[in-house]
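One letter stands for each residue in the lines below.
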Amino acid sequence: MVASCFLRKCLTALAGLLLLSFGSLAASQIEDQTEQFFRSGHTNNWAVLVCTSRFWFNYRHVANTLSVYRSVKRLGIPDSHIVLMLADDMACNPRNPKPATVFSHKNMELNVYGDDVEVDYRSYEVTVENFLRVLTGRIPPSTPRSKRLLSDDRSNILIYMTGHGGNGFLKFQDSEEITNIELADAFEQMWQKRRYNELLFIIDTCQGASMYERFYSPNIMALASSQVGEDSLSHQPDPAIGVHLMDRYTFYVLEFLEEINPASQTNMNDLFQVCPKSLCVSTPGHRTDLFQRDPKNVLITDFFGSVRKVEITTETIRLQPDLGNMESRYKKEWMDEELMEPLKYAEQLPVAQIIHQKLAFTILFRISFSTPVVLGSSMRA
Amino acid sequence: MPWLRGPRKPSSCLPTPDIRTCHCQQPPCSAVFLPTALFIPSLVLQIGAFSLPPASSQRSPLLCSRVVYTSCHFPWRPLSGPPEYQFRSAHARRRVGLRERKCVRARRFPSGRREAPVPGAAAGRGSAVPEPPLPAMGLLSDPVRRRALARLVLRLNAPLCVLSYVAGIAWFLALAFPPLTQRTYMSENAMGSTMVEEQFAGGERARGFARDFAAHRRKTGALPVAWLERTMRSVGLEVYTQSFSRKLPFPDETRERYMVAGTNVYGILRAPRAASTESLVLTVPCGPDSANSQAVGLLLALAAHFRGQIYWAKDIIFLVTEQDLLGTEAWLEAYHDTNVTGMQSSPLQGRAGAIQAALALELSSDVVTSLDVAVEGLNGQLPNLDLLNLFQTFCQKGGLLCTLQGKLQPQDWTSVDGPLQGLQTLLLMTLQQASGRPHGAHGLFLRYRVEALTIRGINSFRQYKYDLVAVGKALEGMFRKLNHLLERLHQSFFFYVLPALSRFVSIGLYMPAAGFLLLVLGLKALELWMQLHEAGAGPQEAGGASGPGPPLPPAQSVGLASLVAPLLISQAMGLALYVLPVLGQHVATQHFPVAEAEAVVLTLLAIYAAGLALPHSTHRVMSAQAPDRGWMALKLVALIYLALQLACVALTNFSLGFLLAATMVPAAALTHPCGPRPLYAALLVLTSPAATLLGCLFLWRELQEAPLSLAEGWQLFLAALAQGVLDHHTYGALLFPLLALGLYPCWLLFWNVLFWK
């Protein structure tokens, strides 16, 4: 009895020891997971999807945009967080032999128009002015919420554009165009107005790389279907419908996105490889120098989905204490500074300096866990 | 002619006290007054006029003042010379208007600066620096150099003329060769490729319709309107009819019709999901001599097939016209609510928006070996090149054999054979376009700026034949692509010539050919202008009776009056040629044993020939003075008149302009009252418009490899004359009035020059 009792004690002790050792192992794993959990730093996702071409023979541009729309919606971004701009209505075009459809694949394999499409800006509402106003939030108060980009500094925004472009511009409708400088300035304004956390810009147009080469705001990753001097080419000619259904680049992006599900761990590096020159004919380009994170740590779903992260754990997780300290310390410092210096508007130029300051703050923010609203509003000083 | 002189507003002289500004704005006041706005002659004349001042500046002041005065009287007397010479006499100053006097006052300041009227203004500009001596008359270029240029042009005139003419002809012949011909390409985005699926399979149905149509047609002896209506309704079209009638100005002998009446039947296929604002037309002209049954059958079968499709964005009108082009004309006029030819027709009950494009179909056999396409329309108008490109791409897609002017297109453009074959096609097109006749029912649509083509099925002895399905598929594809159009066809060329179906020459490349030919006229005019000037070195007044000037030597120059007579008489002759044949046909038939049509043609020829006797009559009314200057002046006017007309014609209908220029220019340049008159006369007669027409007929048949004998040629010539007059009255073709009212009188002027006494 005694012996058995002893044995049991021994066993318990052993088990405890084992548990302990496992526990410490598990704890380090959990810490890693926690780090992963908070890695992206965004709390909400937005998408601005723009097709700038009208006319029946530009069917493919509408199909491009709708295919991205389909993917982001499938991966969880709701219509309220998608601003969809379509310059023409292909589904109801009288020339469409299959009314109320927009196909992305030959032989009617995939209807990207789907069952419900909420087009926020349609036909002649798709203008450079409206686009820039949506991005920068400079919108008349009467504008309905569905037509606004109500993002904040925790938003990851996907901006997808397609249309006819040239070196340094993208044509809107048949009458105007947006230049790469205008676009870069709009993004800078978004940054300054704290309208995004990270931004993924994708453009499928001729000489698409020219559109992102002027960006200078931080946290932007950009992809384009073709280099400067190259044309973007169409794909999927369909004699029954009588037009090309898609552009090559977006076609392969769509094929890629169709494989993604909310739990996918596919990262941006995979997206960069999606359309090699052998398939695209043009050379897709990407730019990551403004982006803070390594693309291989950036999940596709960080931009293409609205993924609520859920990790089920039985463990108690002790957050690093110094993080909380840091926050309070930082907060105190800041308050002191604020008290000492009178409030004033930020210098508009030089921009680089501002970016630098902001960068420092953002990094601090990432480390902290709370979203200090008070602090956020006083950051502009 | 002030607009030849750049900015020369007299008002600019008036308010400004700034001497220099005003001075510089005033070129030498040589009032060139020539009735032309043509660029080449005007340019040439400008050179001529600018060469004058030094010559006239050597004249005595007195004479120059006369010049001022007589300038109102005689057209090309230059008002030139330094300002202090001009307007010196009180008399002249009284005579010239306020405008000139103001100019003179302002301009005299540099010579007499002491009398500057508003010194304050000059001082206000703070120009304390004395102005540099101004060049005489404020000429912007060196008179010496200009005179040298003028002398050069004068001395080398003959070689330059020959060179220019040869260059023009050579340029035209070179149009068929690759650096000048280019491949056609589709410019319209909306029709970018042939990527549509043709599903038409109603060949059997089309043949059935064609058989029924032919049977009903035989039974009724005219267009079976009721059957057509019924059939169109049964395939699901909205059917309407339109009746029309027209009395021709005189009986049409070739088609044997005079009082024409008929009924057009048309059915509209409404676009299921679009507003009826735009439409396309498929038309089949049925006439007494062209059965076109298979075309009607194919039209009906296509209508039935199109009715089953839901992708139409434009209404499609299926139109069957009676009395071939007359029916088309009646329908078009009613559709566009105009009446340009005096056609009586009932208004259209159904409409379908603006017509974007039209295809006319002519088929008279169940199988075809090739499709021929006709582009030349009324007055040489052409459809937008994109429509032809569309036809050509569908020919290629369907593997159809397609021809232009009945000629296959050469495959090899690198060797000489290909372009030579292209040259034949080009010449055929030139002749066809120059005739100004609609080369099919499509030709009438072009007047309303509806792009249109005629497609003809040819059934020859070739082995390989296509059935109606192949033709129907090509048409279906074209209609489907046209359905994709978003705007009117406008991206591609409207002015072109075609050496082959897939090659074209654009207006920028072919115009130099006509330009070189017209340059000959300009050079000749320049030479005459200078000779006239030298001959009139002692300028006098023509009248000599006006003004209290000193008595003048007998006038050497010719007043306007002496030119008015030949001009008016030849113009009247042209008017008679235009009006009398049709007007006087009944008188002629009463007095001579001829039919109306013959009467018209013979009257035409008679009046034409009567014009040759003109010099005898014109000389009676002309003063006998200055014979030498007289013919020079007349020839100068005639040259400029001809150049003006040919340039205008060449711009709108290059083929006609070029053909007329190529024939008329050498004779016009050579004509001279002294020298071998019979030779010149023969040359002039051979290059008169009528002879050109005759020659063109022979050339045309020669190129079609069906040469004419002389008698046949003459018969064809007479028929062509009658057709030309008829086309003018029934469709509004402009060739006849152009020749009668424009070129024939002009040619008569040269005839006058030749027989100048």
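To be clear, the structure that these remarks concern was listed above.
Now for a description of the structure that goes with this document.

Here is what the cut-offs are and how they apply
Positions within a chain are numbered from 1, following the residues in the order the chain's sequence is written. In the order they appear in the text, chains get letters beginning with A and ligands get numbers beginning with 1. Where local features are concerned, this predicted model is filtered to residues with pLDDT of at least 70; where side-chain atom pairs are given and counted, the filter is 80 or more; whole-chain, interface and lining totals use all residues. With hydrogens and water stripped out, all remaining heavy atoms of the structure feed into the side-chain values. Counting rule for disulfides: a pair of cysteine sulfur atoms within 2.5 Å. Think of it in three bands: residues with accessible area under 20% of the maximum for their type are buried, residues over 50% are exposed, and the middle band is partly exposed, with areas taken using a 1.4 Å probe on protein chains only. Comment: elements are numbered from the N terminus, with helices defined as DSSP H or I runs of at least four residues and strands as E runs of at least two. A contact between two residues is defined here by any heavy atoms of the two lying within 4.5 Å. We call two strands paired when DSSP finds no fewer than two bridges between them.

Turning to the state of the cysteines, a few remarks are in order. In this structure the tally under the stated criterion is two disulfides over all chains. Between the sulfur of cysteine 275 of chain A and that of cysteine 280 of chain A lies a disulfide, 1.9 Å long from S to S. What sets the handedness of the cysteine 275 of chain A and cysteine 280 of chain A disulfide is the S-S torsion sign, and at about 115 degrees it is right-handed. Across this residue pair, the class does not change: cysteine 275 of chain A and cysteine 280 of chain A are buried. One disulfide bridge connects cysteine 395 of chain B with cysteine 402 of chain B, the sulfur atoms lying 1.8 Å from each other. Because the torsion about its S-S bond is -80 degrees, the bridge between cysteine 395 of chain B and cysteine 402 of chain B counts as left-handed. Unpaired in this structure, cysteine 51 of chain A has its nearest cysteine sulfur neighbour in cysteine 206 of chain A, at a distance of 14 Å. Judged by relative accessible area, cysteine 51 of chain A falls into the buried class, the value being 0%. No disulfide involves cysteine 161 of chain B; its sulfur sits 16 Å from the nearest other cysteine sulfur, which is in cysteine 746 of chain B.

Bringing the side chain of aspartate 247 of chain A into the picture now. All names here are of chain A. By the secondary structure assignment, aspartate 247 is in strand E11 (residues 243–247). Looking at aspartate 247, the relative accessible area reads 3%, which means it is buried. Discounting chain neighbours no more than four positions away, the residues touching aspartate 247 are Arg60, His61, Asn64, Thr162, Asp204, Leu233, Ser234 and His235.

One face of the sheet, then the other: side chains in a regular strand alternate in exactly this way. Where strand E10 (residues 234–238) of chain A and E11 of chain A come together, four bridges link them in antiparallel fashion. In the strand pairing of E11 of chain A, serine 234 of chain A is matched with aspartate 247 of chain A.

What follows deals with unusual backbone geometry. Residues and elements named next belong to chain A. Positive phi is not limited to glycine here, since alanine 100 has a value of about 65 degrees. Residue position: alanine 100 is located in the loop between strand E2 (82–86) and strand E3 (121–122). One non-glycine residue, glutamine 207, lies in positive phi territory at about 55 degrees. Of note, glutamine 207 is situated in the loop between strand E8 (198–204) and helix H5 (209–212).

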